[in-house]
Amino acid sequence: MNREKLAFMLVSFMMFNGFLTRNEIKSKYISNGNRYYKNKEYEAAVKEYINAEKFGNKNETLNFNIGNSYYKMKKYREAASYYEKGDKSSDNFFNLGNAYYKIGETASNGEKEGLFQKALESYKKAMTKLASLPNVYCKISGFPTDNKLFVKNLIEKLFFFLKLFPNHQTVG
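What comes next concerns the included structure.

Analysis parameters
- Residues numbered from 1 in each chain as written.
- Predicted model: local features only at pLDDT ≥ 70, side-chain atom pairs only at ≥ 80, totals over all residues.
- Heavy atoms only, no water.
- Helix = DSSP H or I, 4+ residues; strand = E, 2+ residues; numbered from the N terminus.
- Buried < 20%, exposed > 50% of the residue type's maximum accessible area, 1.4 Å probe, protein only.
- Phe/Tyr/Trp six-rings, centres within 6.5 Å; stacked < 30°, edge-to-face > 60°.
- Lys NZ or Arg CZ within 6 Å of the ring centre and 35° of its normal.
- Expected span 1.5 Å × (residues − 1).
- Arc of directions from axis to C-beta.

**A word on the side chain of Glu53**
Position of Glu53 among the secondary structure elements: in helix 3 (residues 42-54). According to the relative accessible area criterion, Glu53 is buried, its value standing at 11%.

Have a look at this one:
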C-alpha cells in the first residue's frame, strides 16, 4: 500500500473516531502539500491539496496552489483550469497569463491566437490591480523577476502576434 493511501486511511479513521476535526484534517493536507511543493515534489503536492478539498469547502487559495503545482510540472492546461477558479489577485492573473502563453507556444495556429489573446487579457487584469507598469514586470510569475526587459518583450511579442490576426475575437 502506498504512503498516500495509508495516510488518507489513517486520517479518515482518526476523524471518524473523533480525534480530528475536518478543519484539522484539511490543514494537515494543506501543510503536507506546502511541504511537498517546497521540496519540488509537485505531483505529491497536488494529491495533498486535492485531498484537502475533500475535507472542506473548495477555496481559491487551494486552486491557486494546485495551479502552481501543475505549472511547475509543465502541465499548463491543468494549471490554467485551476487558475481560472483561483482568486482575483494580480499573482493569479499573471500565472493564468503565463499558463495561456505556454499553451499557446505549442498550439496549432488556429488555437494559438485565442490562447495568446487570453494571456494578454489575463496580464491586463493583473496590470489593473497594480499601480504601475514597472511593478507588472517585477510581478510576472514564472519568469526572472529582475528581467523586466524579458517580460516587456514577451508582452510586445504577444501584441505583435495578435496584430497579424486583425479579426481576432477578444476574450471577456
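**Focus on the packing of aromatic side chains**
Taken as a whole, this structure holds seven aromatic pairs when the rule is applied. A ring pair is formed by Phe64 and Tyr83, whose centres lie 6.1 Å apart and whose planes are at 55°; its orientation type is tilted. One end of the pair, Phe64, is in helix 4 (residues 60-72); the other, Tyr83, is in helix 5 (residues 76-84), and 19 residues separate them in sequence. Where Phe94 meets Tyr123, the ring centres are 6.2 Å apart and the plane angle is 40°; that geometry is what we call tilted. Residue Phe94 is found in helix 6 (residues 90-106), and its partner Tyr123 is found in helix 7 (residues 109-128); the two are separated by 29 residues along the sequence. Residue classification places Phe94 among the buried positions, given a relative accessible area of 0%. Look at Tyr123 and you get buried, because its relative accessible area is 0%. The ring of Tyr36 is capped by Arg35, whose NZ or CZ atom sits 5.0 Å from the centre of that ring. Lying across the ring of Tyr82, Lys85 places its NZ or CZ 4.2 Å from the centre.

**A closer look at helix 2 (residues 22-38)**
With 17 residues, helix 2 ought to run about 24 Å at 1.5 Å a step, and its terminal C-alpha atoms sit 24 Å apart, in line with that. The complete set of buried residues in helix 2 reads Ile25, Lys26, Tyr29, Asn32, Gly33 and Tyr36. Around the axis of helix 2, the buried residues are gathered within 125° of arc, so they sit on the same side. Every exposed residue of helix 2 that faces more than 90 degrees away from the buried side is listed here: Asn23 and Lys38. Directly beyond the C-terminal end of helix 2, a positive phi value near 65° is found at Lys40.

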